[in-house]
Amino acid sequence: MPRKKVAVIGYGIASYGALSPEVSYKEMMYEACSRAYQMAGVNPRKDVDSFVTCSEDYDEGTSIFDEYVPDQMGAMLRPTHTIAGDGLQGVAAGVMQILTKRFDVVVVEAHSKASNVTDHAGLLHFAEDPAFTRPILAHPYFLAGLEMRCFLTLSGNMEIDAAKVVVKNKNNALKNPLGVHSANIALEDVLASEPSFEPLKKLDEARLSDIGLCVVLASEDVANKFVSNPVWITGIGWCSDSFQPERRELCWPAYAKLSADMAYQQAGIKNPARAFQVAEIDDTFSYKELQHIETIGLARVGESGEKLEEGAFGIDGEIAVNASGGSLGCGRMLDATGLFRLIEVVKQLRGEAGAYQVKNARAGVALSWRGIPTATGAVCVLEV
Amino acid sequence: MSLKRVAIVGAGITKFMRRAQETGRELSYYAAKMALKSAGMTLDEIQCVAESTAPDAFDGIHMNGEYLSDGAGGWRKPYIRSYVGGGSGVFVVNHGWYQVASGMFDTCLVVASEKMSSCHPHPQGAFLNIFDNFIERPLGCNLLWIFALEMNRYMTVHKISHEQIALVSVKNKRNALDNPAAQIPEKITVQDVLNSEVLAWPVHRLDISPTSDGAAALVLASEDVAHKYTDKPVWIDGVGWNLDTTYWTNKDLYYPRYVEKAAIMAYKMAGITDPRREIHIAEPYDPFDYKELHHMEGLLLCDKGEAPKITEKGITQRDGAMPTCPSGGLLGVGNPIAASGTMKVAEMFWQLRGEAGARQVTRECKTAVAQAWGDLMQVGTVIVLRK
């Protein structure tokens, strides 16, 4: 993909924390989209050529959920479709539509109404292979326990390194208005928390939150007409490894490696460890942040724990990793999580991150993972 | 025109059936394998995969796209599942189109599959959950009710008789006799349709397509590489999709305006100004017999209310001037939701290449249109193909 062809010209957030009985998903979508349109200066009924929404039926509790998206987005009687995938995959769809030259402005929406799901683990159970994995009848997070053990053993990082990720992210989130699971927490708290699937502990797991998110993408031809500060998407990649847990790469996730290779190649990035000031990467479980850092080349194998200790991934470090607080601090937002990470990078590159602003942020990377039990992820490189 | 012109270079399909022994992954595999073989390709030559399957509730598998990924050839490739309910089967080809037309990929495997039979006692149960939580679900309504409303409205506005509509069912089920993938090909009469059981008046059993398991796949290639794989590429010259309001109760059901908007989007891209002259063959979506007529009007292939008349004149027969659903359509071939739309695109591919065998239409065809429809009488997806 040639550089600087597609830009993010606006984003909108409707944050409702861990519980949102006062608002429906439609109201959250309306609020997020309205804010994004306002920031981008676009009229959805006139300026937007296509709408992409990201959702899964089971998360919504409604079959064929795409029926319920158009009106509150201003997308009625317009080209609108759903990606049953992560928000970054939705962004990829929007980027490709713009690159065809048939679309100039594309809106991508994703939301999480996770608080409506009374039994999240039970839901994930339905995402397991009905013949091979589901009959084990274990809580699906057992897969994370296995993977964490495998990663720590092979990479040489320690359990305490993963705990440090929790401390960093939950503390970072104190500075972020979206940080609903933020906490002034100490290393001992994490290490002393209840084991769930050893070596995984309760505080290693991100909790869920509710949010509505929207971004407006524009082609190079029109981006500067709408805004003076476009953030360019210079690379985007996505990939799925095997759905069967026993047949996938456990320690170094292929979805992250191959997605990053694709995005870096488009963006012309040869040395990722020096290319970014900001990284918002999946931390659904504490060890995942370290695993992803090493897999996509932000640190060498086995070094992420050490660098974390040195403060290299802090807000003032070499690469600020999850300065937003990530999923550990702001919550996992179902398939909106990827869009959340992208928006956090955009905030940094636009200088709008407030108390957790990273200095001189010119380039950033977002990495998403669709979570247990999938092996699907995406990587997006953004620059100003 | 788009950045890159995109061609279909191969197609594959499984037999559509009531209850397949195979899983959705296996069905996807068979269709994908056949499509690759017909293009003379191996999976290594595929750079990305676009997949679609309709509601997860059929199989009871959350994130069903993930489950189907390796069966559809998506292992360690850029793989995305797109989704617009019943319109998915044609949309997923549009989705594959933008992946290639963007210049990001040279080749794309498009796979659509559906396994409805896992849903017990009947897949219709899964549709109970498509309705609005507050206003509609408490009524316990199902799809037949709302389509009965739509059919009735269409018949009332244009003064159409059930006999006229039944001709579509007769035509399509007979066309399907020549389709080796067909689930319920049959030689029936208009009287058979009228005598069949009333399910939700005016919808009779023989007005409706069956529930099915099956898969279909296509291989797409950019203009830069298409000629490497075939001498007879079929070009995707127009794509369109459009989603109408959720509140179906607030609109007049006699005409699918969202199909019209999707068609105009596709025709504009293909440079078609007079669809009735410039389009030679069509696969409008026909889950119910009246829907074929409804969609012909939405596709601007005839005036509003005229579709039953041109059907009566035999214009839409295989030897007519505007053959519709030469495959046998959903009424004859079957309706594994997402796969059925892709089947329609595959049929147009075979017809344009002159490879449809006993189903080959009489007239010379250069431009074809295929269309699907879905959600709460809400989404239209359209594709224009040229040889």
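Residues numbered from 1 in each chain as written. Chains lettered and ligands numbered in written order. Predicted model: local features only at pLDDT ≥ 70, side-chain atom pairs only at ≥ 80, totals over all residues. Heavy atoms only, no water.

When its secondary structure is counted, chain A shows 15 helices and 12 strands. A compact globule built from 384 residues would reach a C-alpha radius of gyration of about 21 Å, and chain A, at 19 Å, matches this within 12%. Once the C-alpha set of chain A is aligned to its principal axes, its extents read approximately 55 × 45 × 40 Å. Across the 384 residues in chain A, those meeting the buried criterion constitute 68%. In chain A, the proportion of contacts linking residues at least 24 apart, taken out of those at least 6 apart, comes to 76%. If you sum the accessible surface of chain A, you get close to 12200 Å²; carbon and sulfur atoms cover 51% of it. (Helix = DSSP H or I, 4+ residues; strand = E, 2+ residues; numbered from the N terminus. Rg over C-alpha atoms; globule rule 2.2 N^0.38 Å. Buried < 20%, exposed > 50% of the residue type's maximum accessible area, 1.4 Å probe, protein only. Contact = heavy atoms within 4.5 Å. Areas by Shrake-Rupley, 256 points an atom, 1.4 Å probe, with all protein chains shown as cover.)

Attention now goes to the overall build of chain B. On a plain count of helices and strands, chain B comes out with 13 helices and 11 strands. The C-alpha atoms of chain B give a radius of gyration of 19 Å, which matches the 21 Å a tight globule of 387 residues would have. For chain B, the residues scored as buried account for 70% of the 387 residues in total. Considering only intrachain contacts with a sequence separation of at least 6, the fraction spanning at least 24 residues in chain B is 76%. Surface exposure of chain B reaches about 12200 Å², of which carbon and sulfur atoms provide 53%. Side-chain charges in chain B split into 40 positive and 43 negative, and the spacing between the mean points of these groups amounts to 2 Å. (Lys, Arg positive; Asp, Glu negative; His and termini not counted. Charge placed at Lys NZ, Arg CZ, Asp CG, Glu CD.)

In this structure the tally under the stated criterion is 48 salt bridges over all chains. Arg370 of chain A serves as the salt-bridge partner of Glu66 of chain B, at 2.7 Å between the closest nitrogen and oxygen. Note that Glu66 of chain B is positioned in helix H2 (residues 64-68) and Arg370 of chain A in the loop between strand S11 (363-369) and strand S12 (376-383), a pairing that runs across two chains. By the burial criterion, Glu66 of chain B is buried, and Arg370 of chain A matches it. A salt bridge links Asp178 of chain B to Arg318 of chain B, with the nearest nitrogen and oxygen atoms 2.7 Å apart. In this pair, Asp178 of chain B sits in the loop between helix H5 (162-175) and helix H6 (190-195) while Arg318 of chain B sits in the loop between helix H11 (307-312) and helix H12 (329-333), placing the two residues 140 residues apart along the sequence. You can call Arg318 of chain B buried: its relative accessible area is 13%. Overlapping salt bridges, with partners in common, bring together Glu56, Asp335 and Arg370 of chain A together with Asp56, Glu66 and Arg81 of chain B in one network. (Salt bridge = Lys/Arg side-chain N within 4 Å of Asp/Glu carboxyl O.)

So, about the side chain of Lys344 of chain B. Residues and elements named next belong to chain B. Counting through the fold element by element, Lys344 comes out in helix H13 (residues 337-353). Only 2.9 Å separates the side chain of Lys344 from the side chain of Glu283, close enough to count as a polar contact. Engagement of the side chain of Lys344 in a polar contact is seen with the backbone oxygen of Pro284, the distance being 2.7 Å. The residues touching Lys344, leaving out its near neighbours within four places in the chain, are Glu283, Pro284, Tyr285, Asp286, Cys325, Gly329, Leu330, Ala370 and Gln371. (Polar contact = N/O pair within 3.5 Å; in protein donor to acceptor, adjacent residues only side chain to side chain.)

The next subject is the nonpolar core. By size, the foremost hydrophobic cluster in this structure holds 192 residues, and its most contacted members are Val91, Val215, Leu217, Trp238 and Leu382 of chain A together with Ile236 of chain B. Considering every element that reaches this core, the biggest residue donor is H13 of chain B, with 10 residues. Within the second largest apolar cluster, 49 residues are counted, among which are Tyr141, Val167, Ala256 and Ala267 of chain A. (Core = buried A, V, L, I, M, F, W, Y, C linked by side-chain atoms within 4.5 Å.)

Right, let's talk about the environment of Met17 of chain B for a bit. Residues and elements named next belong to chain B. Positionally, Met17 belongs in the loop between strand S1 (6-13) and helix H1 (24-38). For Met17, a relative accessible area of 23% gives the class partly exposed. Sequence spacing of Met17 and Ala182 is 165 residues, and the spatial spacing of their C-alpha atoms is 7.7 Å. Not counting residues within four places of it along the chain, the set of residues in contact with Met17 comprises Glu22, Leu27, Gln183, Thr211, Ser212 and Asp213.

Bringing a nonpolar patch on the surface into the picture now. A surface patch of nonpolar side chains, about 260 Å² in accessible area, is lined by Met158, Ile160 and Leu191 of chain A. Along the chain, Leu191 of chain A turns up in helix H8 (residues 187-192). (Patch = residues over 30% accessible without salt bridge, like charges linked within 9 Å, V, L, I, M, F, W, Y side chains within 5 Å.)

Another aspect to go through is the pairing of strand S2 (residues 50-54) of chain A. Residues and elements named next belong to chain A. Most of S2 is tucked away: 5 of the 5 residues are buried. Here S2 shows two buried faces, one formed by Ser50, Val52 and Cys54 and the other by Phe51 and Thr53. Bridge count between S2 and strand S4 (residues 105-113): 5 bridges; the pairing is parallel. When the sheet's bridge partners are listed, Cys54 is paired in S4 with Ala110. One ladder, built from 4 bridges, connects S2 with strand S3 (residues 80-83); its direction is parallel. Note that in S3 the partner of Cys54 across the bridge is Ile83. (Pairing = 2+ DSSP bridges.)

This brings us to the interface of chain A and chain B. Size of an interface, as often reported, equals the accessible area lost when the parts are brought together. Each side of the interface is counted separately: chain A has 62 residues, and chain B has 59 residues. Both faces considered, chain A and chain B share a buried interface measuring about 5100 Å² in area, 58% of it formed by carbon and sulfur atoms. Counting the surface chain A buries against chain B, the share from its top three residues, Glu67, Leu77 and Arg102 of chain A, is 13%. Along the contact surface separating chain A from chain B lie 5 salt bridges. Run the count over chain A and chain B and you get 32 residue pairs in polar contact (both at pLDDT 80 or more). Elements represented by at least two residues in the side of chain A that touches chain B include exactly helix H2 (57-60), helix H3 (70-73), S3, helix H4 (87-99), strand S8 (231-240) and helix H10 (254-267) of chain A. No other element matches H4 of chain A, which puts 6 residues into the side of chain A that touches chain B. Here the residues of the side of chain A that touches chain B sort into 31 nonpolar, 16 polar and 15 charged. (Buried area = accessible area lost by both parts, 1.4 Å probe. Nonpolar A, V, L, I, M, F, W, Y, C, P; charged D, E, K, R; others polar.)

All names here are of chain B. Burial of helix H10 (residues 289-298) is extensive: 10 of the 10 residues sit out of reach of the surface. When H10 is considered as a whole, its buried residues turn out to be Asp289, Tyr290, Lys291, Glu292, Leu293, His294, His295, Met296, Glu297 and Gly298. A positive phi of about 65 degrees marks Leu300, the residue just after H10.

Time to look at the confidence of the model for chain B. Low-confidence regions, as indicated by low pLDDT, have predicted coordinates that should not be scrutinised in detail. Here chain B averages 96 in pLDDT, and 100% of its residues register 70 or above. Interface confidence for the predicted complex, expressed as ipTM, amounts to 0.97; the pTM equals 0.97. (pLDDT = per-residue confidence, 0-100.)

The next thing to look at is the packing of H4 of chain A against helix H15 (residues 337-350) of chain A. Residue and element names in this part refer to chain A. Between H4 and H15, the shortest axis-to-axis distance is 5 Å and the interhelical angle comes to 70 degrees. Here H4 lies roughly perpendicular to H15, going by the angle between them. Contacts between H4 and H15 involve Gly87, Leu88 and Val91 from the former and Gly338, Leu339 and Leu342 from the latter. Among the residues forming the contact of H4 with H15, the class breakdown is 4 nonpolar, 2 polar and no charged. (Axes fitted to C-alpha atoms, helices over the stretch in contact; angles between N-to-C directions. Parallel < 35°, antiparallel > 145°, perpendicular 65-115°, else oblique.)

Residues and elements named next belong to chain A. The omega torsion across Ile372 and Pro373 is 0 degrees, close enough to zero to call that bond cis. The residue Ile64 is not glycine, and still its phi comes out positive at about 55 degrees. With respect to the element layout, Ile64 can be found in the loop between H2 and H3. With a phi angle near 55 degrees, Asn360 is a residue other than glycine that sits in the positive phi range. Position of Asn360 relative to the elements: it lies in the loop between H15 and S11.

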